[in-house]
Protein chains: 2
Amino acid sequence: MALDERKFLILRAIIDDYITTAVPVGSRTVSRKSGVGFSPATIRNEMSDLEELGYLASPHTSAGRIPSAKAYRLYVDQLLKVGELSKEETDFLREHLNVRSAQVDTVLNAAAQALSNITQYTALVTAPAVSSMRIRRVQLVPVDDQTALMIVVTNASIIKDTLIRVPEGLTPDLLHNLSETLTQALADQPLSNVRQRFAEVLRDLKENRKLFAGVMNALENRLEDEEKTKVVVGGPSNLLHYPEYSDVGRARDFLSVLESREKLYPLLRTGGSMEFTIRIGPETGVPELSDCSLVTATYRMDDQTGGTIGIIGPTRMHYGHVLSALGTMGRLLTGVLSREETEKEK
Amino acid sequence: MALDERKFLILRAIIDDYITTAVPVGSRTVSRKSGVGFSPATIRNEMSDLEELGYLASPHTSAGRIPSAKAYRLYVDQLLKVGELSKEETDFLREHLNVRSAQVDTVLNAAAQALSNITQYTALVTAPAVSSMRIRRVQLVPVDDQTALMIVVTNASIIKDTLIRVPEGLTPDLLHNLSETLTQALADQPLSNVRQRFAEVLRDLKENRKLFAGVMNALENRLEDEEKTKVVVGGPSNLLHYPEYSDVGRARDFLSVLESREKLYPLLRTGGSMEFTIRIGPETGVPELSDCSLVTATYRMDDQTGGTIGIIGPTRMHYGHVLSALGTMGRLLTGVLSREETEKEK
DNA sequence: GGTTAGCACTCGGGCATCGAGAGTGCTAAC
DNA sequence: GTTAGCACTCTCGATGCCCGAGTGCTAACC
């Protein structure tokens, strides 16, 4: 059975109400709402239908009804009107993102903080994917006789650094020269090409072969590590405000998901080219999050997909507001991380 | 009134019991304990005295008694026997600390993780104080025409990096030379001396004065920032297991303290030269932590005080175990961070 | 005189009871 | 097709009650 106009209307009214109150909605409540000109009895019939169709559920006989995951799905797909963020809110986000330091880490932290503040849910932010970066420079810095620090400067001034072992007797000047060679070979390459380019360099090389191979290994390992690890969480305790988490057990479960990068990270792998991804309850695939929803968006870095930002909240979250907040933040982040030479820190 | 032998005995029995059960202790329970050869009635008299002296409190008439902060104070000062960690536990800590990466960040994270695991409380770890570090190298890496990345390599391979603005037209080679000059001037200096040394370098300098001044500013700002920010938290949700936090409101308050570096950091400023600092309940000075205790210890880096590690738990925490865990971890960290050339990553 | 048994008393937690309120589903009338 | 009415169900909060745990006091005991 397709849902007719009136069912949509009623369903939306119920969801809207439930999102703000977290209390099961009864027929009287819906009937009183503006825009619905029917008596409770009529509403009841419709609600009964909606329940049968799987959009509503009753916690028990004499409570009202609450929307099911299926209802939220419908809601975000068809009923949702995404508003713009208010001027104040946009300014709030922009301001919070305007940190002195140009360190990407700091920016991401600020972003998570701002998002969690503005939504009052929990924010997740991943670092830009390495695949979206290009190498600017590779620099080897001597640390002691046998160790050097390899520093990779990418666009957006992300730094990856690793200690590598070097043959003894390499002078700073020699390392500097090696750095130049490496930089020339690798500059402006996307990181995904590194292995290949490296192989070419290696082929043309006479001396220091071993060193270069070591550098390459270190580089690759480091990048893989990095890719997997970094998720910044903002406002983890925000969700404890909501009645969904008045039970400590649930709260603990939720928080322990946030502590485990392994569970968190897959959720933030961007699913295709969509601007937004919304996962409702069970759709997250994480049992502990079965009454949470996760909304993610991506930001870009120099026209490549950069990273993911997301909000976790109860399934009855304010999807509209969250979407617009993520949208705005995505644009802001894209701007900040891509600005390159356009702006300088003081 | 001084406490006689028997009062000590009884008080310890009560505290021991309460620490493991979290349930108010009655006279019968104490009497049944091994080592106490008195009837409940006698115990009652003593308990009554202890209450009058401020060591015990009764939640209400017909519950048992619970230890006061004063009692815990006495307990840790005089009654506590600090055991050694078991072989297994020591191995556990060592193993968890044995991470591939030599990055200090990673090590600190691992330490926090291991500590929270082994104690089942919440662990705090601060990065080594900048004052305890020495500069190994200063390196300027070109990023684009007007920007360079300044990298400071310190012992324990901590990296501080900042973008600075440079005059146009500086070639990589020139920057490299500048780096050499800086390194020679600053190498092996403790960071606290930097300003002074810098001034000397600056005096002898003819060209590039401005650039050097810029570098110096950037360096100092960066260091100050760093000092204030970094606190690694391990197992924040661990405390939610305890009945003290069966109320979500308390849990939220606690967690929000962990989220605020401002409240957290002062707690970890090491108070003097003590090996351990124990702050019980109100002694923390943070209202939200009034029924928590905080135990901290320090680790060293190259014979300087490095940073702080700490455990937050309920006031009825297993002080003995926590102390030995912190002691062991402190030694391990000191070892790892000071090993310098003694070991290399694969 | 310190120690202990006995006993009356107190208090909170658990449990059943009860009524109020909210909401439903059904039927019959509009 | 819509609505009013009504009986029914279920939760929630309040009330009262009992039980157990624990205390404090007194008097007896060693």
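Residues numbered from 1 in each chain as written. Chains lettered and ligands numbered in written order. Predicted model: local features only at pLDDT ≥ 70, side-chain atom pairs only at ≥ 80, totals over all residues. Heavy atoms only, no water.

### Some words on the overall build of chain A
Alright, step 1. In terms of regular secondary structure, chain A is built from 12 helices and 10 strands.
Alright, step 2. Evaluated residue by residue, chain A yields a buried proportion of 53% over its 346 residues.
Alright, step 3. In chain A, the share of contacts with a sequence separation of at least 24, taken over all contacts with a separation of at least 6, comes to 60%.
Alright, step 4. Taken as a whole, chain A presents about 15700 Å² of accessible surface, with 48% of it coming from carbon and sulfur. (Helix = DSSP H or I, 4+ residues; strand = E, 2+ residues; numbered from the N terminus. Buried < 20%, exposed > 50% of the residue type's maximum accessible area, 1.4 Å probe, protein only. Contact = heavy atoms within 4.5 Å. Areas by Shrake-Rupley, 256 points an atom, 1.4 Å probe, with all protein chains shown as cover.)

### Points about the protein's contact with DNA strand D
Alright, step 1. Residues in contact with DNA strand D amount to 19 residues; listed here are only the nearest, R6, T42, T61 and S62 of chain A together with S27 of chain B.
Alright, step 2. Between DNA strand D and the protein, one listed contact pairs a phosphate oxygen with a side-chain N or O atom of R65 of chain B at 3.0 Å.
Alright, step 3. Within the surface near DNA strand D, the residues separate by chemical class into four nonpolar, 11 polar and four charged. (Near = heavy atom within 4 Å. Polar contact = N/O pair within 3.5 Å; in protein donor to acceptor, adjacent residues only side chain to side chain. Nonpolar A, V, L, I, M, F, W, Y, C, P; charged D, E, K, R; others polar.)

### Observations regarding the domain arrangement of chain A
Residues and elements named next belong to chain A.
Alright, step 1. We note that the domain assignment places domain 1 (5-79), domain 2 (87-127 + 230-345) and domain 3 (131-228) within chain A.
Alright, step 2. Relative to domain 2, the C-alpha centre of domain 1 lies at a distance of 29 Å.
Alright, step 3. The contact between domain 1 and domain 2 buries some 850 Å² in all, and 70% of this surface belongs to carbon and sulfur atoms.
Alright, step 4. When the area that domain 1 buries against domain 2 is broken down by residue, the three leading residues are I19, Y72 and R73, summing to 54%.
Alright, step 5. Connecting domain 1 to domain 2 are one salt bridge.
Alright, step 6. The closest approach of N and O atoms between E283 and R73, which form a salt bridge, is 2.5 Å.
Alright, step 7. Remark: the boundary between domain 1 and domain 2 carries three residue pairs in polar contact (both at pLDDT 80 or more).
Alright, step 8. Looking at the side of domain 1 that touches domain 2, the elements with two or more residues in it are α1 (5-21) and α4 (69-79).
Alright, step 9. With five residues, α4 is the single largest residue contributor to the side of domain 1 that touches domain 2. (Domains from an automatic or database assignment. Buried area = accessible area lost by both parts, 1.4 Å probe. Salt bridge = Lys/Arg side-chain N within 4 Å of Asp/Glu carboxyl O.)

### Thoughts on the environment of N155 of chain A
Residue and element names in this part refer to chain A.
Alright, step 1. One can find N155 in the loop between β5 (147-154) and β6 (159-165).
Alright, step 2. What makes N155 buried here is its relative accessible area of 5%.
Alright, step 3. Once the C-alpha coordinates of N155 and S338 are considered, the two residues, 183 residues apart in sequence, prove to be 8.4 Å apart.

### Brief notes about the protein's contact with DNA strand C
Alright, step 1. The immediate surroundings of DNA strand C are formed by 19 residues, with S27 and R65 of chain A together with R6, T42 and T61 of chain B found nearest.
Alright, step 2. One nitrogen or oxygen atom from the main chain of S39 of chain B is found 3.2 Å from a phosphate oxygen belonging to DNA strand C.
Alright, step 3. Interatomic distance of 2.8 Å between a side-chain N/O atom of S62 of chain B and a base oxygen of DNA strand C.
Alright, step 4. Among the elements that line the surface near DNA strand C, the one with the most residues is helix α3 (residues 40-52) of chain B, at four residues.
Alright, step 5. For the surface near DNA strand C, a count of residues per class yields four nonpolar, 11 polar and four charged.

### Describing α3 of chain B
Residue and element names in this part refer to chain B.
Alright, step 1. Its 13 residues place the ends of α3 18 Å apart at the C-alpha level, agreeing with the 18 Å of an ideal helix rising 1.5 Å per residue.
Alright, step 2. Taken as a whole, α3 has its buried residues at I43, E46, M47 and L50. In an axial view of α3, the angular spread of the buried residues amounts to 105°, which keeps them on one side of the axis. Among the exposed residues of α3, those oriented more than 90 degrees off its buried face are N45 and E52.
Alright, step 3. Two residues or fewer after α3 comes G54, characterised by a positive phi angle close to 90°. (Expected span 1.5 Å × (residues − 1). Arc of directions from axis to C-beta.)

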